[in-house]
Amino acid sequence: MIKLKPEHIVYQTRDALERSLALIDELGTEQLIIANTRSPLNKNNLWFHDLHSTTSEFASDVLQGLDKRPASIPPKYFYDAKGSQLFDAITELPEYYQTRTEIAILQDNAAEIAHHVGTGSLLIEPGGGSCAKVHILLEGLRPMAYVPMDISSQHLRLATEELATTFPWLEIHATCTDFTQIMALPPTAPEGTKVAFFPGSSIGNFDPGDAVEFLTSIAQLVKSEGYLLIGVDMKKDKSILHAAYNDAVGITAQFNLNLLQRINHELDADFELSGWRHKAIYNEQAGRIEMHLVSLREQQISIGQSRFEFASGETIHSENSYKYTTQEFIKLAQQAGFQSVALWVDADNLFSVHLFRVKTVIQE
Ligand code: AVJ
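Throughout what follows, the structure given in this document is the object of discussion. This one's a predicted model, so the numbers in the text were calculated from it and none came from an experiment.

1. Points about the packing of helix α7 (residues 208–222) against helix α10 (residues 326–335)
Here is step 1: Between α7 and α10, the shortest axis-to-axis distance is 8 Å and the interhelical angle comes to 55 degrees. Here α10 runs oblique to α7, going by the angle between their axes. In this structure, α7 crosses over α10, and the sense of that crossing is right-handed. Residues Pro208, Ala211, Val212 and Leu215 of α7 pack against Leu332, Ala333 and Gln335 of α10.
Here is step 2: Looking at the contact of α7 with α10 residue by residue, the classes come out as six nonpolar, one polar and no charged.

2. Observations regarding the nonpolar core
Here is step 1: The biggest cluster of nonpolar side chains holds 62 residues, and the ones touching the most others in it are Val147, Val195, Ala196, Ile218, Val222, Leu228 and Leu229.
Here is step 2: For Ile218, the residues in contact, after removing those within four places along its chain, are Met183, Ala196 and Leu228.
Here is step 3: Of all hydrophobic cores here, the second largest spans 23 residues; its members include Ile73, Phe87, Leu293 and Phe310.

3. Some details on the packing of helix α4 (residues 97–117) against helix α5 (residues 134–141)
Here is step 1: Where α4 contacts α5, the two axes come as close as 9 Å, and the packing angle between them is 30 degrees. As judged from the angle between their axes, α4 and α5 are roughly parallel. Between α4 and α5 the crossing geometry is right-handed. Contacts between α4 and α5 involve Ile103, Leu106, Gln107, Ala110, Ala111, Ile113, Ala114 and Val117 from the former and Ile136, Leu137, Gly140 and Leu141 from the latter.

4. As for unusual backbone geometry
Here is step 1: For the bond running from Arg69 to Pro70, omega is -5 degrees, close enough to zero to count as cis.
Here is step 2: Relative to the assigned elements, Pro70 resides in the loop between α2 (55–67) and β2 (71–72).
Here is step 3: The backbone phi angle of Ser201 is positive, close to 60 degrees, even though this residue is not glycine.
Here is step 4: Within the secondary structure, Ser201 sits in the loop between β6 (194–198) and α7.
Here is step 5: Even without glycine at this site, Lys223 takes up a positive phi of about 60 degrees.
Here is step 6: Mapped onto the elements of the fold, Lys223 is located in the loop between α7 and β7 (227–233).

5. What about the pairing of strand β11 (residues 306–310)?
Sheet faces and side chains relate simply in a regular strand, where the side chains alternate between the two faces.
Here is step 1: In terms of strand pairing, strand β10 (residues 299–303) meets β11 through five bridges, oriented antiparallel. Within β11, the position partnered with Gln300 by the bridge is Glu309.

6. Details of the pairing of β6
Here is step 1: In terms of burial, β6 is largely enclosed, as five of its five residues are buried.
Here is step 2: Neither face of β6 is open: one carries Lys194, Ala196 and Phe198, the other Val195 and Phe197, and all of them are buried.
Here is step 3: In the sheet, strand β3 (residues 122–126) pairs with β6 via three bridges, with the strands oriented parallel. Note that in β6 the partner of Leu123 across the bridge is Val195.
Here is step 4: One ladder, built from four bridges, connects β6 with β7; its direction is parallel.

7. Overview of α5
Here is step 1: Within the span of α5, buried status applies to Val134, Ile136, Leu137 and Leu141. For α5, the angular spread of buried residues about the axis comes to 145 degrees, placing them on one side.
Here is step 2: Within two residues after α5, Arg142 carries a phi angle of roughly 40 degrees, on the positive side.

8. Details of the site of the ligand
Here is step 1: Contacts to the ligand come from Ile90, Gln98, Gly200, Ser201, Ser202, Gly204, Asn205, Tyr245, Thr252, Phe255, Glu319 and Ser321.
Here is step 2: Elements represented by at least two residues in the shell around the ligand include exactly α9 (251–267) and β12 (315–322).
Here is step 3: The residue makeup of the shell around the ligand, split by class, is three nonpolar, eight polar and one charged.

Criteria and cut-off values
Throughout, a residue's number is its position along its own chain's written sequence, starting from 1. Local features in a predicted model are, by the rule used here, given only for residues with pLDDT of at least 70; side-chain atom pairs are given and counted only at 80 or more, and totals for whole chains, interfaces and linings are based on all residues. To get an axis, a line is fitted to the C-alpha atoms, and for a helix only the part in contact is used. The angle between two axes follows their N-to-C directions and goes from 0 to 180 degrees. Each helix is a run of DSSP H or I of at least 4 residues and each strand a run of E of at least 2, with the numbering of both proceeding from the N terminus. Small angles under 35 degrees read as roughly parallel and large ones over 145 as roughly antiparallel, with 65 to 115 read as roughly perpendicular and the rest as oblique. The handedness criterion is simple: a crossing whose near helix is rotated anticlockwise from the far helix by less than a right angle is left-handed, and one whose near helix is rotated clockwise is right-handed. C-beta atoms are placed from the backbone for every residue, and two residues are taken to be in contact when these atoms lie within 7 Å. Amino acid classes used here: Ala, Val, Leu, Ile, Met, Phe, Trp, Tyr, Cys and Pro are nonpolar; Asp, Glu, Lys and Arg are charged; the rest, including Gly, are polar. When buried Ala, Val, Leu, Ile, Met, Phe, Trp, Tyr and Cys residues are joined through C-beta atoms within 7 Å, the set is termed a nonpolar core. In this scheme every C-beta is placed from the backbone, and a residue whose C-beta has 20 or more other C-beta atoms within 10 Å is buried, one with 12 or fewer is exposed, and one in between is partly exposed. Any two strands between which DSSP finds at least two bridges are classified as paired. This arc describes the spread of directions from the helix axis toward the C-beta atoms. Each residue receives a C-beta atom built from its backbone; the residue is near a molecule or strand if that atom lies within 6 Å of it.

If you want it as structure tokens, here you go:
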């Protein structure tokens, strides 16, 4: 976790400053505060906080990951503008059941979710780059404000501008950040019951231990009256999983290979995409889909001043996507301090949506 110190923070408005100071006061210095340039775009209900994920971090993660054997690169780097577009295309593939199944679950149960959570909340979405699923909840939940956080600035900007137009009554406080590093609210966000929304089974990208740590940081963010609404892909027949990550038209392959293209563009590298192949397998033992890029020949790659050798058949591990039974996931969330409030699953047992609440500690 990166800790921002108050002196690193730029306040553009007195109001933002005051809200931050109050927060620092309330939480002590333990809690991170993201505050940055407040730039109301051409909408008066949209604030955009740009906390760039720096190129140097991308560079050092890639160089470090490619030095290991087997080599690996964190999946968060899939999402440059092209990668975000490709991911959106994945969600529309017939084989990729996750998105449409989750959307149906949210639609069918929106009223019940609103009943549990109440209106006037502060709805927070880590990774909410395209703001697509939140549409389903907004009318029912009528939150006081929506705080999407995403690593892709451009994606977030376009999506929130559109959202601000569609829902003029909604305050949006968008924050461009790597939420795996910094989990904090922008100082312009108002107070209210905090509801974290983490759809799409993005939690599957974390190893279980890291998932507990991540959920713990969400629990700390939403605090004792807060909720977590989270979508989790379920364990199921291997063939269904295999098809979802090896689609017939090859969009997932393009999505995987785009990582190399991105490294070429941003880090002065010379990957030849024709020298690599997409591979996705279900590791039953670990309960996860693994994506790899397989070197099709012996080759040397230059990235800036660094050189990397790959033998034919050698791989770069680019993603894990863990699958959980509902009981496994409830146990995991309990380790992070959550208790199960409600659970929805589709008729085919493909996907689950859990509502959790932070366990309140009863003081005598
Ligand atoms: C965004 C991590 C949930 O694991 O299904 C889709 C990413 N990778 N196809 C997933 C992904 C390949 C996706 N998550």
